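# Descriptive structure summary
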Amino acid sequence: MSRNVAVIGAGASGIVAAIAAARCGASVSIFEHTDSIGSKIMITGNGKCNYTNEDIRPEHYHSGTDEDGLIASILERFGYEDCTGFFGSLGIIGKNRRGGIYPYTDTAESVRSALKLELKRLGVEIICGCRNTGLERASGGDIRVKNDLVPDGRVFDAVILSCGGKAARKTGSDGSGFELVRSLGVVTTDIFPALTPLPVKEDLSMLTGIRCDASLKLINEKGRVIERSSGELQPYDKGLSGICALDISGNACRRTGAGERVFVECDFYPGTDDEGFKRMMADRREAFPERDLTGLLTGIFPRKLIRYMAHPIDIRKDSWPDDLKDIVKHHRYEVSRDILKDMSRAQTSAGGVSLGEIDCNCMLRREQDIYVTGEMLDVDGICGGYNLHFAWATGYIAGGAAAGDNS
């Protein structure tokens, strides 16, 4: 006998959970509190939707509660080839751009449309505009789902909570899912922004608008390196943005939220080590003896960055090579606690349902047949399709399990 499954939330993980459950023979209903489904998918990858990455590994994810290696287990069960195979089954042709996998059309709408077509083919019921959702146990252990549109509730064999996190509120990720899961007695961690710019305690107005390659280290008060990242850096008046800054922001938020002071050490010329950089500058001074420091740095860095680096350096001092090296290779900024206040610029959120609260199928340990997926879980990935992949993965696993397929 087929099972009756409800999915609360029609984002990335919820849609895939519904498809996976329906493919296993379940009768599936989606309850979405906004007026459309898959809204957040539309803004992923700057609207191009990098839906996975060829380098899917647990090292690219953060969590404060993954004590049993659950992230690794999930990625092993739904890895890169599983993901591309799933989207291939929907008719999506992918293309590889520096490891990130995008639809051949380079439009997120292609992905959302293919998902919608599969939901329609499978006969999945979609009910939008459902607010104030609540759950209660019915007689026999089934689960009653209530909301404004279904005030008397409907009974299901299993429920999948795929309500999203707290980032991109306009797409429906308003944090309401955490209130719902807490009403069940489930433990959640603090929720912070992730994949968000890093505000710092130094005015960087003079660097606004530049883009450069950089390598960053997230460092605690004792100087221990917490995390490293590299890629394009985009300073702005109040801090650091760009891929390399966003990648370490989740960890920065967790540490700052715990009351720690954290710092970002920036290497503006990661192509060589300290001695290599000093040799390069010595060679340039020999080649261009008539130039001042600004002239020596011309051709290496953008003009605004040159002014920022050069103005505190006195090239007449014997110490100038080391002074310059410290600014270029080891400039340190303290992360401001303002990072905890602004969710509006975050692409995802860090924190959520503790991974100790769910089993390997994403089912709550304390509530039989209730599952939690995607951004509701205490997992956040770096830039490059990792967060979407985790959403698909948890949705796929939970959907199959909710339908009775525990393979």
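Report follows, based on the coordinates. (Residues numbered from 1 in each chain as written. Predicted model: local features only at pLDDT ≥ 70, side-chain atom pairs only at ≥ 80, totals over all residues. Heavy atoms only, no water.)

### Examining the overall build of the chain
Just so we agree on the cut-off: Secondary structure counts use DSSP, requiring at least four H or I residues in a row for a helix and at least two E residues in a row for a strand, with both numbered from the N terminus. Radius of gyration: C-alpha atoms only; globule rule: 2.2 Å multiplied by the number of residues to the exponent 0.38. Buried means the residue's accessible area, taken with a 1.4 Å probe over protein chains only, is under 20% of the maximum for its type, while exposed means over 50%, and partly exposed covers the values in between. Here, residues are in contact when the closest pair of their heavy atoms is within 4.5 Å.
Within the chain, the regular secondary structure consists of twelve helices and 21 strands. For a compact globule of 407 residues, the expected C-alpha radius of gyration is about 22 Å, and the chain comes in at 24 Å, within 12% of that figure. Along the first, second and third principal axes, the C-alpha atoms of the chain reach 85 × 45 × 35 Å. Here the chain holds 407 residues, and the buried ones make up 55% of them. Taking contacts inside the chain between residues at least 6 apart in sequence as the whole, the part at least 24 apart equals 72%.

### Regarding the sheet that holds strand β18 (residues 331-334)
In plain terms, the rule: Between any two strands, at least two bridges found by DSSP are needed for them to pair. Axis definition: a line fitted to C-alpha atoms, limited for helices to the stretch in contact. Angles are taken between N-to-C directions and run from 0 to 180 degrees.
The strand order across the open sheet formed by six strands is β13-β16-β15-β14-β17-β18, and the pairing between neighbours is antiparallel. Strand pairing shows two members of the sheet lacking a second neighbour, β13 (198-199) and β18, which therefore form its edges. Pairing of strand β17 (residues 262-267) with β18 involves four bridges; the strand directions are antiparallel. From the neighbouring strand, C266 faces β18, where its bridge partner is H331. Its contacts with the sheet put helix α11 (residues 320-330) on β17 and β18, and the angle it makes with β17 is roughly 110 degrees.

### Here's the deal with the layout of surface pockets
So the rule is basically this: The pocket and cavity definitions rest on a 1 Å grid over protein atoms only: a 1.4 Å probe that fits but cannot leave marks a cavity, an open set with protein on both sides within 12 Å along at least five of seven lines marks a pocket, and residues lining either have an atom within 4 Å of a point. Grid points are joined across faces, edges and corners, and a volume is the space filled by probe spheres set on the points. All amino acids are sorted into three groups, where Ala, Val, Leu, Ile, Met, Phe, Trp, Tyr, Cys and Pro are nonpolar, Asp, Glu, Lys and Arg are charged, and the leftover types, Gly among them, are polar.
The calculated volume of the second largest pocket comes to roughly 200 Å³. Forming the boundary of the second largest pocket are T196, P197, P199, V200, Y236, K238, S336, D338, I339, D342 and R345. For the lining of the second largest pocket, a count of residues per class yields five nonpolar, two polar and four charged.

### Some details on the pattern of salt bridges
As a reminder, the rule being used: One speaks of a salt bridge when a side-chain nitrogen belonging to Lys or Arg is within 4 Å of a carboxyl oxygen belonging to Asp or Glu.
Tallied over the full model, the rule gives 30 salt bridges. Between D106 and K95 there is a salt bridge, with the nearest N and O atoms lying 3.0 Å from each other. With D106 in the loop between β6 (100-103) and α4 (108-122) and K95 in strand β5 (residues 94-97), this residue pair connects regions lying eleven residues apart in the sequence. Accessibility expressed as a relative area gives 26% for K95, which makes it partly exposed. The shortest N-O distance in the salt bridge between E334 and R261 comes to 2.9 Å. Note that E334 is positioned in strand β18 and R261 in the loop between α7 (249-257) and β17, a separation of 73 residues in sequence. Classification of E334 as buried rests on a relative accessible area of 15%. Each of E275, K278, D322, K325 and D326 takes part in salt bridges that share partners, so that together they form one network.

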